[in-house]
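Close look at the chain arrangement
As a plain string of letters, each chain reads:
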Amino acid sequence: HTCLHIHDNVLICRNYKGDVDMAEIDHFMPLLMQHEEEGLICPVISHGNVHFLWIKHSNLYLVAMTNKNSNASLVYSFLYKLVEVFTEYFKELEEESIQDNFVVVYELLDELMDFGFPQTTDSKILQEYITQEGAKLEVAKSKVPTTVTNAVSWRSEGIKYKKNEVFIDVIESINVLVNANGSVMSSDIVGSIKLKTMLSGMPELRLGLNDRVLFALTGRDKGKTVVMEDVKFHQCVRLSRFESDRTISFIPPDGESELMSYRINTHVKPLIWIESVIEKFSHSRVEIMVKAKGQFKKQSVANNVEVRVPVPSDADSPKFKTSTGHAKYVPEKNLVVWTIKSFPGGKEFLMRAHFGLPSVENDELEGKPPITVKFEIPYFTVSGIQVRYMKIIEKSGYQALPWVRYITQSGDYQLRTNV
């Protein structure tokens, strides 16, 4: 039983099994409010023998109700899948998009689950026969795509391209926390391999990475290898093959998809090092000096670098001086944002800022927010992960070109300050 809820109003409900009274949802919001007041927010709320499993997305609550000992992780996966599908359909999932598309939402709820069992949850396939134009709905309905009944539910048959290509993006996000003394407290790399597939027919793809476990299995130890943890695959990947011989083999979805994600637990040297001196002269001014240094290879360039430096909430009349890029004050976030469009490896840049402080002391105790950095470095991965090959086999025997691109970007990248 799934409901979309906003504040005190139930927007839309679908009772899949008929074993939970529809009126039970009226207890959800009061119970949630009560829990919030007591500071005991919990992802599962019970009322009598009915359990509410809920998630919040912008100002909507998606609530599943059950009176059985259901598999909670399955229910949450389904709720997050609902958000994903609705977002792909309506761009934004909010009260308005639900109200404007009641018919489509009901149709989707009917296709996504049947009698409490998840069914077709791939939005690309759903879009083949549930469309947003009312007139189209009838025509599309008469022919259910074969994908719903065949083994490859994420790809339709009969796809044709003049030029067969697949684009592979290896994107690594770096999470770093540096303390005020300049020591790295924690760091890891979260990677994602994304595909844009433009291939005809039903191609079989095999992806080869410099995976240390694979190299150990095959007795090869040449070159750099990586140890991937928490590997998650798109449903198209044959898990049994991966578990037996680490082969990543799959029939890809058409268009864009995330093939896999992974984590690499390693000590990462911060790629953009920040040194800061922040001096506060009470009742008069704040002086900030920030030095940024590119600690990556000279031939690489970081693009769209943003260094966000926190300033006291009562600061005013800013003055800036930068050796490159430009700095601006964002008062609503109490930040100075220093933007550098292009930051070559090995280079150092300086930014100075001067703020006035009011003569009356601000009594509120302010925390010490860290400096955060955003950046993107193309043609580069920190972990050294490599796509060694991408084999594309299709029964018609066409030649296809794989293209690979590597990008490193900032994830949660924080440097604590002394002030």
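Just so we're clear, the structure is a prediction, and the values are computed from it rather than from any experiment. (Residues numbered from 1 in each chain as written. Predicted model: local features only at pLDDT ≥ 70, side-chain atom pairs only at ≥ 80, totals over all residues. Heavy atoms only, no water.)

The antiparallel open sheet is built from four strands, whose spatial order is 14-15-20-17. The open sheet has two edge strands, strand 14 (272-281) and strand 17 (316-322), and neither has a second partner. Strand-to-strand twist in this sheet, taken as the mean axis angle between neighbours without regard to direction, amounts to 15 degrees. Judged from the five bridges that link them, strand 17 and strand 20 (residues 348-356) form a sheet pairing that is antiparallel. Note on strand 20: the bridge partner recorded for D316 is G356. (Pairing = 2+ DSSP bridges. Helix = DSSP H or I, 4+ residues; strand = E, 2+ residues; numbered from the N terminus. Axes fitted to C-alpha atoms, helices over the stretch in contact; angles between N-to-C directions.)

This paragraph deals with the sheet that holds strand 10 (residues 204-209). Sheet strands pair via backbone hydrogen bonds, and the direction of the pair is either parallel or antiparallel. The strand order across the open sheet built from three strands is 12-10-22, with neighbouring strands paired in antiparallel fashion. Both outer strands of the open sheet, strand 12 (248-250) and strand 22 (387-393), are each paired with one neighbouring strand and no more. Adjacent strand axes in the sheet meet at a mean angle of 15 degrees, parallel and antiparallel pairs treated alike. The pairing of strand 10 with strand 12 spans three bridges and is classified as antiparallel. From the neighbouring strand, L207 faces strand 12, where its bridge partner is I248.

Next up on the list: the pairing of strand 13 (residues 255-264). Among the 10 residues in strand 13, seven count as buried, and that is most of the element. As paired elements, strand 9 (residues 184-198) and strand 13 share nine bridges and run antiparallel to each other. Residue pairing in the sheet places S192 in a bridge with S261 of strand 13. Strand direction decides the pairing type here: strand 11 (residues 229-233) and strand 13, joined by three bridges, are antiparallel. (Buried < 20%, exposed > 50% of the residue type's maximum accessible area, 1.4 Å probe, protein only.)

Let us now look at the pattern of salt bridges. Overall, the coordinates contain 15 salt bridges when judged by the stated rule. Linking R238 and E204 is a salt bridge whose minimum nitrogen-to-oxygen distance equals 2.8 Å. With a gap of 34 residues between them, R238 in the loop between strand 11 and helix 8 (239-245) and E204 in strand 10 connect regions that are remote in the sequence. What you see here is one network of salt bridges that share partners, running through D188, E229, D230 and R263. (Salt bridge = Lys/Arg side-chain N within 4 Å of Asp/Glu carboxyl O.)

A few words now on the side chain of S97. Along the polypeptide, S97 turns up in helix 3 (residues 95-100). At 2.8 Å, the side chain of S97 forms a polar contact with the backbone oxygen of E92. Excluding anything up to four places from it in sequence, S97 contacts F90 and E92. (Polar contact = N/O pair within 3.5 Å; in protein donor to acceptor, adjacent residues only side chain to side chain. Contact = heavy atoms within 4.5 Å.)

All right, on to the domain arrangement of the chain then. For the chain, the assigned domains are domain 1 (2-127), domain 2 (165-268 + 382-415) and domain 3 (272-378). The straight-line distance from the C-alpha centre of domain 1 to that of domain 3 is 43 Å. (Domains from an automatic or database assignment.)

All right, on to the packing of aromatic side chains then. Inspection of the entire model under this criterion finds 11 aromatic pairs. When the ring of F28 is compared with that of F52, the centres are 5.7 Å apart and the planes differ by 55 degrees; the resulting orientation is tilted. Pair noted here: F28 is in helix 1 (residues 28-37) and F52 is in strand 4 (residues 50-57), with a separation of 24 residues, a long-range link. One aromatic cluster in this structure is built from F28, F52, W54 and Y61. Taking NZ or CZ as reference, K17 lies 5.2 Å from the ring centre of F115, over its face. Sitting above the plane of the F281 ring, R285 keeps its charged end 3.9 Å from the centroid. (Phe/Tyr/Trp six-rings, centres within 6.5 Å; stacked < 30°, edge-to-face > 60°. Lys NZ or Arg CZ within 6 Å of the ring centre and 35° of its normal.)

Let us look at a positive patch on the surface. Taken together, the side chains of K269, K293, K298 and K347 present a region of like positive charge at the surface. Here K298 is to be found in the loop between strand 15 (285-294) and strand 16 (301-310). (Patch = residues over 30% accessible without salt bridge, like charges linked within 9 Å, V, L, I, M, F, W, Y side chains within 5 Å. Areas by Shrake-Rupley, 256 points an atom, 1.4 Å probe, with all protein chains shown as cover. Lys, Arg positive; Asp, Glu negative; His and termini not counted. Charge placed at Lys NZ, Arg CZ, Asp CG, Glu CD.)

This part takes up the environment of Y16. If you trace the backbone, Y16 turns up in the loop between strand 2 (9-14) and helix 1. Put simply, Y16 and D110 are 94 residues apart on the chain and 8.5 Å apart in space, counted from C-alpha to C-alpha. Only 2.7 Å separates the side chain of Y16 from the backbone oxygen of L109, close enough to count as a polar contact.

Time to look at unusual backbone geometry. With a phi close to 45 degrees, S58 is a non-glycine residue in the positive phi region. Examined against the element boundaries, S58 turns out to sit in the loop between strand 4 and strand 5 (60-66).

In this structure, V404 sits in strand 23 (residues 401-415). Among residues more than four places away in sequence, those in contact with V404 are I168 and V387.

Looking at helix 1, one finds that the buried residues are F28, M29, L31 and L32. Across the axial projection of helix 1, the buried residues extend over an arc of 160 degrees, all falling on one side. Residue G39 follows helix 1 closely and has a positive phi angle near 70 degrees. (Arc of directions from axis to C-beta.)

Time to look at helix 2 (residues 72-90). With 19 residues, helix 2 should reach 27 Å at 1.5 Å per residue; the first-to-last C-alpha distance of 27 Å fits that figure. What helix 2 keeps buried is the set V75, Y76, F78, L79, L82, V83, V85, F86, Y89 and F90. In the segment just after helix 2, K91 is the residue with positive phi, at about 65 degrees. (Expected span 1.5 Å × (residues − 1).)

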